[in-house]
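Structure at a glance
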Amino acid sequence: SQTIHQWPATLVQPVGSPLSLECTVEGTSNPNLYWYRQAAGRGLQLLFYSIGIDQISSEVPQNLSASRPQDRQFILSSKKLLLSDSGFYLCAWSVRLAGVNEQFFGPGTRLTVL
Amino acid sequence: SQQGEEDPQALSIQEGENATMNCSYKTSINNLQWYRQNSGRGLVHLILIRSNEREKHSGRLRVTLDTSKKSSSLLITASRAADTASYFCATVNSGYSTLTFGKGTMLLVSP
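For clarity, every value in this text was computed on a predicted model and none was experimentally measured.

1. Remarks on the pairing of strand β7 (residues 64-70) of chain A
All names here are of chain A. Alignment of β7 against strand β8 (residues 73-78), held across five bridges, turns out to be antiparallel. Note that in β8 the partner of S67 across the bridge is I75. Two successive antiparallel strands, β7 and β8, enclose a turn made up of two residues.

2. With respect to the packing of aromatic side chains
Under the defined criterion, the tally for this structure stands at nine aromatic pairs over all chains. Judged by centre distance (6.3 Å) and plane angle (25°), the ring pair of A:Y34 and A:Y36 falls under stacked. By relative accessible area, A:Y34 is classed as buried at 0%. Judged by relative accessible area, which is 0%, A:Y36 ranks as buried. Judged by centre distance (5.6 Å) and plane angle (35°), the ring pair of A:Y36 and A:F105 falls under tilted. Linking A:Y36 in strand β4 (residues 32-38) with A:F105 in strand β10 (residues 103-105), this pair joins segments that are 69 residues apart in sequence. Per residue, the accessibility class of A:Y36 equals that of A:F105, and both read buried. In textbook terms, an aromatic cluster arises when at least three aromatic residues are bridged by ring pairs, as seen for A:Y34, A:Y36, A:Y49, A:F105, B:Y35 and B:F101.

3. Considering the state of the cysteines
Applying the stated rule across the entire model yields two disulfides over all chains. Here A:C23 connects covalently by a disulfide to A:C91, the sulfurs 2.0 Å from one another. What sets the handedness of the A:C23 and A:C91 disulfide is the S-S torsion sign, and at about -75° it is left-handed. One end of the pair, A:C23, is in strand β3 (residues 19-26); the other, A:C91, is in strand β9 (residues 87-94), with 68 residues separating them in the sequence. Across the pair, A:C91 and A:C23 agree in class, each one buried. Bridging B:C23 to B:C89, the disulfide has an S-S length of 2.0 Å. Looking down the S-S bond of the B:C23 and B:C89 bridge, the torsion is 70°, so its handedness is right-handed. A residue pair is termed long-range when its members are at least 10 positions apart, and B:C23 in strand β3 (residues 19-24) and B:C89 in strand β9 (residues 85-92) qualify at 66 residues. Pair check on accessibility: B:C23 and B:C89 agree, each one buried.

Rules of the game
- Note on numbering: residues in each chain are counted from 1, in written sequence order.
- Here every chain gets a letter starting at A, and every ligand a number starting at 1, in the order they are written.
- Only residues with pLDDT of at least 70 are given local features in this predicted model, and only at 80 or more are side-chain atom pairs given and counted; all residues enter the totals for whole chains, interfaces and linings.
- Side-chain metrics rest on all non-hydrogen atoms present in the structure, leaving aside hydrogens and water.
- For two strands to be treated as a pair, DSSP must find at least two bridges joining them.
- Only runs of H or I of at least four residues qualify as helices and only runs of E of at least two qualify as strands under DSSP, and these elements are numbered from the N terminus.
- Here is the rule: rings of Phe, Tyr and Trp (six-membered ring for Trp) pair when centre to centre is within 6.5 Å. Planes less than 30 degrees apart are stacked, more than 60 are edge-to-face, and the remainder are tilted.
- Whether a residue is buried, partly exposed or exposed follows from its accessible area with a 1.4 Å probe, protein chains only, as a fraction of its type maximum: under 20%, in between, or over 50%, in that order.
- The rule for a disulfide is simple: a pair of cysteine sulfur atoms within 2.5 Å.

This is how it looks when you write it as C-alpha coordinates:
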(Lines give C-alpha, C1' and ligand atoms only; values in the text may rest on other atoms or scores of the structure.)
Protein backbone atom coordinates (compact mmCIF):
# COMPACT_ATOMS: atom_id res chain seq x y z
CA SER A 1 0.00 0.00 0.00
CA GLN A 2 1.03 3.56 -0.55
CA THR A 3 2.13 5.85 2.25
CA ILE A 4 3.25 9.44 2.37
CA HIS A 5 5.55 10.89 4.99
CA GLN A 6 6.29 14.45 5.94
CA TRP A 7 8.78 15.78 8.40
CA PRO A 8 9.18 17.49 10.65
CA ALA A 9 5.69 17.51 12.11
CA THR A 10 6.19 20.90 13.74
CA LEU A 11 8.81 23.57 13.30
CA VAL A 12 9.48 26.93 14.91
CA GLN A 13 11.94 29.09 13.02
CA PRO A 14 13.14 32.71 13.35
CA VAL A 15 12.54 35.21 10.57
CA GLY A 16 15.35 35.12 8.05
CA SER A 17 16.34 31.53 8.72
CA PRO A 18 16.33 28.85 6.00
CA LEU A 19 13.70 26.16 5.61
CA SER A 20 13.66 22.62 4.34
CA LEU A 21 10.57 20.44 4.52
CA GLU A 22 10.69 16.95 3.15
CA CYS A 23 8.02 14.70 1.73
CA THR A 24 8.45 11.12 0.58
CA VAL A 25 6.02 8.67 -0.93
CA GLU A 26 6.25 4.90 -0.75
CA GLY A 27 4.50 2.19 -2.68
CA THR A 28 3.98 3.96 -5.97
CA SER A 29 6.02 5.11 -8.95
CA ASN A 30 5.94 8.28 -11.04
CA PRO A 31 3.43 10.08 -8.84
CA ASN A 32 2.38 13.67 -9.27
CA LEU A 33 3.52 15.54 -6.16
CA TYR A 34 2.10 18.69 -4.60
CA TRP A 35 2.91 21.23 -1.91
CA TYR A 36 0.07 23.20 -0.34
CA ARG A 37 -0.05 25.82 2.37
CA GLN A 38 -3.03 26.28 4.63
CA ALA A 39 -3.35 29.40 6.75
CA ALA A 40 -5.36 29.13 9.97
CA GLY A 41 -9.04 28.58 9.22
CA ARG A 42 -8.50 28.85 5.49
CA GLY A 43 -8.51 26.66 2.45
CA LEU A 44 -5.53 25.15 0.71
CA GLN A 45 -3.27 27.19 -1.50
CA LEU A 46 -1.34 25.21 -4.09
CA LEU A 47 2.31 26.24 -4.01
CA PHE A 48 4.09 23.79 -6.31
CA TYR A 49 3.38 20.65 -8.23
CA SER A 50 5.59 18.21 -10.04
CA ILE A 51 4.86 15.63 -12.69
CA GLY A 52 8.37 14.20 -12.71
CA ILE A 53 11.94 14.49 -11.49
CA ASP A 54 13.18 18.06 -11.85
CA GLN A 55 9.82 19.07 -13.33
CA ILE A 56 8.39 21.68 -10.98
CA SER A 57 5.56 24.12 -11.62
CA SER A 58 5.17 27.12 -9.36
CA GLU A 59 1.67 28.36 -8.75
CA VAL A 60 2.36 31.32 -6.49
CA PRO A 61 5.46 33.52 -6.75
CA GLN A 62 7.08 33.91 -3.35
CA ASN A 63 10.26 33.24 -1.46
CA LEU A 64 9.71 29.49 -1.46
CA SER A 65 11.12 26.93 -3.87
CA ALA A 66 10.62 23.24 -4.46
CA SER A 67 12.80 20.44 -5.73
CA ARG A 68 12.28 16.84 -6.68
CA PRO A 69 15.66 15.15 -6.61
CA GLN A 70 14.17 11.65 -6.72
CA ASP A 71 10.96 10.20 -8.11
CA ARG A 72 9.24 9.95 -4.73
CA GLN A 73 10.87 12.82 -2.86
CA PHE A 74 9.61 16.39 -2.83
CA ILE A 75 11.34 19.15 -0.90
CA LEU A 76 10.08 22.61 -0.02
CA SER A 77 12.74 25.19 0.75
CA SER A 78 13.34 28.79 1.56
CA LYS A 79 16.57 30.72 1.93
CA LYS A 80 15.04 33.32 4.25
CA LEU A 81 11.73 32.82 6.01
CA LEU A 82 9.20 35.61 6.40
CA LEU A 83 6.56 35.94 9.11
CA SER A 84 3.92 35.38 6.43
CA ASP A 85 5.38 31.92 5.73
CA SER A 86 3.79 30.60 8.91
CA GLY A 87 1.14 28.01 8.24
CA PHE A 88 0.34 24.36 7.81
CA TYR A 89 2.20 22.78 4.91
CA LEU A 90 0.75 19.75 3.26
CA CYS A 91 2.31 17.41 0.74
CA ALA A 92 0.14 15.27 -1.49
CA TRP A 93 0.50 12.79 -4.30
CA SER A 94 -1.74 11.51 -7.03
CA VAL A 95 -1.60 8.81 -9.63
CA ARG A 96 -1.24 9.98 -13.21
CA LEU A 97 -4.65 8.87 -14.36
CA ALA A 98 -6.55 10.89 -16.87
CA GLY A 99 -9.86 12.17 -15.64
CA VAL A 100 -9.32 11.69 -11.92
CA ASN A 101 -6.50 13.31 -9.90
CA GLU A 102 -7.60 11.97 -6.54
CA GLN A 103 -4.99 13.22 -4.12
CA PHE A 104 -3.55 11.58 -1.03
CA PHE A 105 -2.23 13.83 1.68
CA GLY A 106 0.56 13.59 4.20
CA PRO A 107 0.10 14.50 7.87
CA GLY A 108 1.41 18.03 7.37
CA THR A 109 4.05 20.26 8.95
CA ARG A 110 3.04 23.10 11.24
CA LEU A 111 5.50 25.96 10.65
CA THR A 112 5.66 28.95 12.96
CA VAL A 113 7.95 31.80 12.00
CA LEU A 114 8.77 34.15 14.87
CA SER B 1 -8.36 32.33 -7.79
CA GLN B 2 -10.60 30.23 -5.60
CA GLN B 3 -12.60 27.83 -7.75
CA GLY B 4 -14.76 26.17 -5.13
CA GLU B 5 -16.61 28.09 -2.46
CA GLU B 6 -18.33 26.16 0.29
CA ASP B 7 -21.20 27.29 2.42
CA PRO B 8 -21.92 27.50 5.17
CA GLN B 9 -18.51 28.37 6.57
CA ALA B 10 -19.47 26.67 9.81
CA LEU B 11 -22.25 24.27 10.75
CA SER B 12 -23.20 23.05 14.20
CA ILE B 13 -25.65 20.16 14.64
CA GLN B 14 -26.61 17.41 17.06
CA GLU B 15 -25.73 13.76 16.63
CA GLY B 16 -28.27 11.96 14.50
CA GLU B 17 -29.13 15.01 12.43
CA ASN B 18 -28.21 15.37 8.79
CA ALA B 19 -25.54 17.83 7.67
CA THR B 20 -25.64 19.49 4.27
CA MET B 21 -22.76 21.46 2.83
CA ASN B 22 -22.75 23.24 -0.49
CA CYS B 23 -20.05 24.10 -2.97
CA SER B 24 -20.16 26.48 -5.91
CA TYR B 25 -17.57 26.78 -8.62
CA LYS B 26 -16.95 29.07 -11.55
CA THR B 27 -15.55 27.24 -14.55
CA SER B 28 -16.30 24.00 -16.34
CA ILE B 29 -15.10 20.92 -14.53
CA ASN B 30 -14.28 17.31 -15.28
CA ASN B 31 -14.92 16.10 -11.78
CA LEU B 32 -15.54 17.45 -8.31
CA GLN B 33 -14.17 15.90 -5.16
CA TRP B 34 -14.95 16.22 -1.48
CA TYR B 35 -12.28 15.92 1.19
CA ARG B 36 -12.36 15.84 4.95
CA GLN B 37 -9.78 17.30 7.31
CA ASN B 38 -9.63 16.59 11.01
CA SER B 39 -8.08 19.41 13.01
CA GLY B 40 -4.35 19.65 12.45
CA ARG B 41 -4.25 16.69 10.09
CA GLY B 42 -3.96 16.04 6.39
CA LEU B 43 -6.94 15.81 4.08
CA VAL B 44 -8.69 12.55 3.30
CA HIS B 45 -10.51 11.94 0.05
CA LEU B 46 -14.20 11.14 0.58
CA ILE B 47 -15.88 10.93 -2.77
CA LEU B 48 -15.51 11.95 -6.42
CA ILE B 49 -18.34 12.81 -8.77
CA ARG B 50 -17.76 13.18 -12.48
CA SER B 51 -19.28 15.92 -14.56
CA ASN B 52 -21.67 13.48 -16.27
CA GLU B 53 -23.01 12.20 -12.94
CA ARG B 54 -25.78 13.84 -10.95
CA GLU B 55 -25.70 11.94 -7.70
CA LYS B 56 -23.40 9.54 -5.93
CA HIS B 57 -23.57 7.66 -2.65
CA SER B 58 -20.94 6.23 -0.36
CA GLY B 59 -22.11 4.92 3.00
CA ARG B 60 -23.69 7.83 4.86
CA LEU B 61 -22.46 10.31 2.25
CA ARG B 62 -24.53 11.58 -0.63
CA VAL B 63 -23.11 13.97 -3.19
CA THR B 64 -25.05 15.79 -5.85
CA LEU B 65 -23.76 17.78 -8.79
CA ASP B 66 -25.64 20.35 -10.85
CA THR B 67 -23.39 21.46 -13.68
CA SER B 68 -25.97 23.96 -14.94
CA LYS B 69 -25.79 25.79 -11.62
CA LYS B 70 -22.12 24.99 -11.10
CA SER B 71 -22.85 23.65 -7.66
CA SER B 72 -22.49 20.52 -5.59
CA SER B 73 -23.76 19.43 -2.20
CA LEU B 74 -22.48 16.95 0.34
CA LEU B 75 -25.01 15.37 2.66
CA ILE B 76 -23.93 13.40 5.71
CA THR B 77 -26.85 11.45 7.12
CA ALA B 78 -27.26 10.42 10.75
CA SER B 79 -24.22 12.40 11.79
CA ARG B 80 -21.91 11.29 14.57
CA ALA B 81 -19.55 13.20 16.83
CA ALA B 82 -16.69 11.61 14.88
CA ASP B 83 -17.88 13.46 11.76
CA THR B 84 -16.65 16.68 13.33
CA ALA B 85 -14.12 18.04 10.84
CA SER B 86 -13.66 20.53 8.02
CA TYR B 87 -15.00 19.54 4.63
CA PHE B 88 -13.61 20.85 1.36
CA CYS B 89 -14.72 20.59 -2.21
CA ALA B 90 -12.11 20.55 -4.95
CA THR B 91 -12.28 20.80 -8.70
CA VAL B 92 -9.76 19.42 -11.12
CA ASN B 93 -8.27 21.58 -13.85
CA SER B 94 -8.69 20.73 -17.50
CA GLY B 95 -5.30 19.00 -17.65
CA TYR B 96 -6.08 16.89 -14.59
CA SER B 97 -2.80 18.02 -13.09
CA THR B 98 -4.01 20.17 -10.19
CA LEU B 99 -6.94 20.59 -7.82
CA THR B 100 -8.39 23.87 -6.64
CA PHE B 101 -9.85 23.74 -3.15
CA GLY B 102 -12.55 25.82 -1.56
CA LYS B 103 -12.20 27.40 1.87
CA GLY B 104 -14.15 24.63 3.53
CA THR B 105 -17.06 24.12 5.89
CA MET B 106 -16.27 23.48 9.52
CA LEU B 107 -18.75 20.91 10.85
CA LEU B 108 -19.29 20.43 14.58
CA VAL B 109 -21.42 17.49 15.66
CA SER B 110 -22.34 17.57 19.33
CA PRO B 111 -23.18 14.39 21.25
